[in-house]
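Structure at a glance
Listed here are the chains, written in short residue letters.
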Amino acid sequence: MDNNTSRTRSSGGFLGTLCLILITLKLTNYIDWSWWWVFSPLWAVPSIVILAIILFAILKVIEKISGR
């Protein structure tokens, strides 16, 4: 018998759960936010990652130009 245990993620993590809560609150009129803010847990993290990659690339180009 194999004693290995496996866990499954059914909720999508913290940000997925937060997004579902915000959608529920928006649909039940408990919050009067724009849909952009309701879905912000889904687009905020990828946006931050993309900005970090762009910043890293710009810094590498500046480093290459300056001859370091």
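Structure shown above.
So, a few notes on the structure that sits alongside this text. If you're wondering where the values come from, they're calculated on a predicted model, not measured in any experiment.

In this section: the side chain of Lys26. Structurally, Lys26 can be placed in helix α1 (residues 13–27). The buried charged residue Lys26 lacks any salt bridge partner; its closest oppositely charged side chain belongs to Asp32, at an N-O distance of 4.6 Å. Setting aside residues no more than four positions away along its own chain, Lys26 makes contact with Ile31, Trp33, Trp35 and Val38.

Before going further, it helps to spend a moment on helix α3 (residues 40–66). Here α3 contains 27 residues, and its C-alpha end-to-end distance of 38 Å stays within 8% of the 39 Å for a straight helix at 1.5 Å per residue. Trailing α3 by a residue or two, Gly67 shows a phi angle of about 85 degrees, which is positive.

Bringing the packing of aromatic side chains into the picture now. Overall, the coordinates contain two aromatic pairs when judged by the stated rule. Ring centres 6.1 Å apart and planes at 45 degrees place the aromatic pair Trp37 and Trp43 in the tilted group.

Below, the discussion takes up the nonpolar core. Of all hydrophobic cores here, the largest spans five residues; its members are Cys19, Leu22, Ile23, Ile31 and Val38. Among all residues touching Ile31, those that are not within four sequence positions of it are Leu22, Leu25, Lys26 and Val38.

In most cases, non-glycine residues show a negative phi, while peptide bonds are predominantly trans. Even without glycine at this site, Asn29 takes up a positive phi of about 60 degrees. Looking at where Asn29 falls in the secondary structure, it is placed in the loop between α1 and α2 (35–38). Given a relative accessible area of 68%, Asn29 falls into the exposed group.

Time to look at the packing of α1 against α3. Relative to each other, α1 and α3 sit at 145 degrees, their axes nearing to 8 Å. For the pair formed by α1 and α3, the contact residues are Leu15, Leu18, Cys19 and Leu22 on the first element and Pro41, Leu42 and Val45 on the second. Its residues assigned to classes, the contact of α1 with α3 comprises seven nonpolar, no polar and no charged.

Conventions we followed
All residue numbers here refer to positions counted from 1 along the written sequence of the relevant chain. This being a predicted model, a pLDDT of at least 70 is required before a residue's local features are given, and a value of 80 or more before pairs of side-chain atoms are given or counted; all residues contribute to the totals for chains, interfaces and linings. Computation of side-chain values: all heavy atoms of the structure, hydrogens and water removed. In DSSP terms, a helix is any run of H or I states spanning at least four residues, a strand is any run of E spanning at least two, and both are numbered starting from the N terminus. Throughout, exposure labels follow a simple rule: accessible area from a 1.4 Å probe, protein chains only, divided by the maximum for the residue type, with under 20% read as buried, over 50% as exposed, and the rest as partly exposed. Charge counting follows a simple rule: Lys and Arg are positive, Asp and Glu are negative, and His as well as the terminal groups are ignored. By definition, a salt bridge exists where a carboxyl oxygen of Asp or Glu is found within 4 Å of a side-chain nitrogen of Lys or Arg. For this analysis, residues touch if any pair of their heavy atoms sits within 4.5 Å. How far a helix is expected to stretch is found by multiplying one less than its residue total by 1.5 Å. Stacked, tilted and edge-to-face are the three classes applied to pairs of Phe, Tyr and Trp rings, where Trp contributes its six-membered ring and a pair requires centres within 6.5 Å; stacked means planes under 30 degrees apart, edge-to-face means over 60, and tilted covers the rest. The nonpolar core is taken to be a set of buried Ala, Val, Leu, Ile, Met, Phe, Trp, Tyr and Cys residues, with the residues joined through side-chain atoms within 4.5 Å. For helices, the fitted axis covers only the stretch in contact; all axes are lines through C-alpha atoms, and the angles between them, taken along N-to-C directions, range from 0 to 180 degrees. Under this grouping Gly is polar, as are all residues other than the nonpolar Ala, Val, Leu, Ile, Met, Phe, Trp, Tyr, Cys and Pro and the charged Asp, Glu, Lys and Arg.

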